[in-house]
Amino acid sequence: MTHREFKSTGIEEQAAFLARQFEARYGRAPTWLVAAPGRVNVIGEHTDYNGGFVLPMAIDRYAMVAAGPVEAGDGVGEREWFWVSEQTLEPLRFSTDEPIRQGLPAWGNYVRGVVAGFQDRGARVPGLVAVLRSTVPMGAGLSSSAALEVATAMLVEETTGLRLEPVEKALLCQRAEQEFAGVPCGIMDQFVSVMAEADALMLLDCRSRVTESVRFDSEDLAVLVADTLVRHALTDGSYAARREQCETAARFLGVGLLREATLSQLEEARLRMDPVLFKRARHVIMEDQRTLAVVESIRYGDWAAVGSAMYGSHESLRVDFEVSCRELDLLVDLARSLGPEHGVVGARMTGGGFGGCTVTLVHTNSVEEVSAHMTRHYREETGVEPVMFLTRPSGGAQVLRTVTENRSRYFPELNRS
Ligand code: ADP
Ligand code: MG
């Protein structure tokens, strides 16, 4: 692994790069620059849509958008949105003059869904041209989708002046993903992208939507993300199937959400229950317990306990929830085989599964050794070079620039006063 891959560039550097891209394309500086982070979930997987607990952090990788009002010569209608993304070939174009519906290209539905959500709240969304660039890898379980939605929401807020409370904004983005992209996602990704605090993990109770900040700022600990490069497709139905199984299991156990079921309740029902549903429910119930236990262990600095909870989570996702894959198992095993003697605290798959990334907690002075070991053996076993990067708990979405000379044009109500 080269040093360049290892360190992500700072947000200002990324923003400056994107502003230059916008200028090169449109011959003027962007009026707005917004950024929303991806996230890595330390523990609490497939618990969010069960009303349970999750413990993610925002990463220092962002979906960033540079945008400006439509000008004559752009070749774009006054009430149109025209976006290009560095990560895709097909640009996105739609009119904000009529009710927004799903359409092509598929990636644009994350954007369309958010704009539609603001329109439902009465926002009159002006046309704009935008350049999107994301350093959150797509489909890797680091929530490039929520980063894109939340960046879009930040942009709509700037261009319309209609600002939402953080929770409302996250829920609007979640709805956009559910209704426009067809992914029945939980609330974790959007919550953390909107509200994350730097140097902290976010404990989120997905039923009450109450968040609690868990300090995570030790210089001695590093968060190493390893990407298998195996890609899932959340729209292929396996995610929706898990969600449905959880709902069926909850009904069987007589609870509204699996979060409310206890292990003894589940054990008592075991013989009457479909064995697959039993396993799915066991994962969710135990994962909630592990997540709360990890919060306590972090507060006490009990890293051995954090590690065993992470391995326990991975095993449960592999065996009971069946969302892991050979490549994820391999990366976790490689980290685990080094163990605490070589500075490894713990490792697990992160995100929805079926590919994507693992998260490994490593003591800082062992990072090089651990990543070299994982890279070498992964390459030998799979023939694929995994992508590894270090990250740290970062803050939530932000507006990096908004040029106010255009204000009167974009806030017609200000013209009236
Ligand atoms: P994850 O959120 O884990 O990255 P998802 O399947 O939920 O995976 O979301 C990935 C999808 O989000 C991509 O297939 C694409 O449609 C959209 N997307 C995310 N970032 C971008 C981007 N920078 N440009 C275009 N589309 C993007
Ligand atoms: Mg996603």
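Rules used throughout
- All residue numbers here refer to positions counted from 1 along the written sequence of the relevant chain.
- The naming scheme follows written order: chains are lettered A onward, ligands numbered 1 onward.
- pLDDT decides what is reported in this predicted model: residues at 70 or higher carry local features, side-chain atom pairs at 80 or more are listed and counted, and totals for whole chains, interfaces and linings draw on all residues regardless.
- Derived side-chain values reflect all non-hydrogen atoms in the structure, with water molecules and hydrogen atoms excluded from consideration.
- Secondary structure elements follow DSSP: runs of H or I of four or more residues count as helices, runs of E of two or more count as strands, with numbering from the N terminus.
- The atom set for the radius of gyration is the C-alpha atoms, and the globule formula is 2.2 Å times the number of residues raised to the power 0.38.
- We call a residue buried when its accessible area falls under 20% of the maximum for its residue type, exposed when it is over 50%, and partly exposed in between, using a 1.4 Å probe and counting protein chains only.
- The contact criterion used throughout is that any non-hydrogen atoms of two residues lie within 4.5 Å.
- Working definition of accessibility: Shrake-Rupley area with a 1.4 Å probe, residue cover restricted to the visible protein chains.
- We score Asp and Glu as negative and Lys and Arg as positive, and we do not count His or the chain ends.
- Here the site of a charge means atom NZ of a Lys, CZ of an Arg, CG of an Asp or CD of a Glu.
- Within this scheme, the nonpolar core is defined by two criteria: the residues are buried Ala, Val, Leu, Ile, Met, Phe, Trp, Tyr or Cys, and they are joined through side-chain atoms within 4.5 Å.
- Residue ranges for the domains originate in an automatic or database domain assignment.
- When at least one non-hydrogen atom of a residue lies within 4 Å of a molecule or strand, that residue is treated as near it.
- Identification of polar contacts relies on pairs of N or O atoms within 3.5 Å, with a donor-acceptor requirement for protein atoms, meaning one able to donate a hydrogen and the other able to accept it, and with residues adjacent in sequence counted only if both atoms are side-chain atoms.
- The nonpolar class holds Ala, Val, Leu, Ile, Met, Phe, Trp, Tyr, Cys and Pro. Asp, Glu, Lys and Arg form the charged class, and all remaining residues, Gly among them, are polar.
- Here a helix's expected span is defined as the number of its residues, less one, multiplied by 1.5 Å.
- Note on definitions: buried area is the accessible-area loss of two parts on being combined, 1.4 Å probe, summed for both.
- Criterion used throughout: strands pair if DSSP finds at least two bridges between them.
- In this analysis an axis means a line fitted to C-alpha atoms, helices contributing only their contacting stretch, and an angle means the value between N-to-C directions, from 0 to 180 degrees.
- Planes of paired rings set the category: under 30 degrees apart is stacked, over 60 is edge-to-face and the rest tilted, where pairs are Phe, Tyr or Trp rings (Trp by its six-membered ring) whose centres lie within 6.5 Å.

**Here's the deal with the overall build of the chain**
Tallying secondary structure elements over the chain gives 14 helices and twelve strands in all. Taken over the C-alpha trace, the chain has a radius of gyration of 22 Å; the compact-globule value for 417 residues is 22 Å, and the two agree within 12%. Considered along the principal axes of its C-alpha atoms, the chain spans approximately 65 × 50 × 40 Å. Looking at the 417 residues of the chain, the share that counts as buried comes to 58%. Taking the contacts inside the chain whose residues are at least 6 apart along the sequence as the reference set, 72% of them involve residues at least 24 apart. A total accessible area of about 17,200 Å² is found for the chain, and carbon and sulfur atoms account for 49% of it. Treating the 43 positive side-chain charges of the chain as one cloud and the 57 negative ones as another, the clouds have centres 3 Å apart.

**Details of the nonpolar core**
One finds Trp-81 and Trp-83 to be the most contacted residues of the largest nonpolar core, which totals 99 residues. Residues from two domains meet in this core; each of domain 1 (11-215 + 394-414) and domain 2 (221-391) gives at least three. Core analysis: the second largest hydrophobic core is formed by 18 residues, Leu-330, Leu-331, Ala-335 and Met-374 among them.

**Details of the site of ligand 1**
Close to ligand 1 lie 20 residues; Ser-85, Gly-139, Gly-141, Ser-144 and Ser-145 are nearest. The side chain of Ser-85 places a nitrogen or oxygen atom 2.7 Å from a nitrogen atom of ligand 1. In this structure, an oxygen atom belonging to ligand 1 sits 2.8 Å away from a main-chain N or O atom of Gly-139. Protein contact buries 88% of the 570 Å² of open area that ligand 1 shows by itself. Elements that contribute at least two residues to the shell around ligand 1 include exactly β5 (128-134) and α4 (144-160). Its residues placed into classes, the shell around ligand 1 shows nine nonpolar, ten polar and one charged.

**Things to note about helix α10 (residues 303-319)**
With 17 residues, α10 extends 24 Å between its outermost C-alpha atoms, agreeing within 8% with the 24 Å of an ideal straight helix rising 1.5 Å per residue. Along α10, the residues classified as buried are Val-306, Gly-307, Ala-309, Met-310, Tyr-311, Ser-313, His-314, Ser-316 and Leu-317. The elements touched by buried residues of α10 are β1 (32-43), α9 (275-300), α11 (326-338), β9 (344-350) and β10 (357-363).

**Points about the domain arrangement of the chain**
According to the domain assignment, the chain contains domain 1 (11-215 + 394-414) and domain 2 (221-391). One C-alpha centre belongs to domain 1, the other to domain 2, and the line joining them spans 27 Å. With 41 residues of domain 1 in contact, the opposing surface of domain 2 contributes 44 residues. Between domain 1 and domain 2, a total of about 3,400 Å² is buried, with carbon and sulfur atoms accounting for 64% of that surface.

**Overview of the sheet that holds β10**
The strand order across the open sheet built from four strands is β9-β10-β8-β11, with neighbouring strands paired in antiparallel fashion. The open sheet is flanked by β9 and β11 (387-391), the only strands paired with a single partner. The sheet shows a mean angle of 20 degrees between the axes of neighbouring strands, taken without regard to direction. Here strand β8 (residues 221-227) runs beside β11; their pairing, made up of five bridges, is antiparallel. Within β11, the position partnered with Asp-227 by the bridge is Val-387. Of the strands in this sheet, β8, β9 and β10 are in contact with α10, which crosses β9 at around 25 degrees.

**Describing the environment of Ser-143**
Tracing the chain through its elements places Ser-143 in the loop between β5 and α4. In the structure, Ser-143 is positioned 208 residues away from Gly-351 in sequence and 7.8 Å away in space, judged by C-alpha atoms. For Ser-143, the contacting residues outside a window of four places in its chain are Gly-38, Arg-39, Val-136 and Asp-189.

**Looking at the packing of aromatic side chains**
The tally for this structure, following the rule as stated, stands at five aromatic pairs. A ring pair is formed by Phe-22 and Tyr-26, whose centres lie 5.0 Å apart and whose planes are at 40 degrees; its orientation type is tilted. A residue pair is termed a helical-turn pair when its members lie 3 or 4 positions apart in one helix, as Phe-22 and Tyr-26 do in helix α2 (residues 11-26) at four residues. Judged by relative accessible area, which is 13%, Tyr-26 ranks as buried. With a centroid separation of 5.7 Å and an interplanar angle of 15 degrees, the aromatic rings of Trp-81 and Trp-83 are classed as stacked. Residues Trp-81 and Trp-83 agree in their burial class; the two are buried. By the ring-pair criterion, three or more aromatic residues cluster together here, those being Trp-81, Trp-83 and Phe-94.

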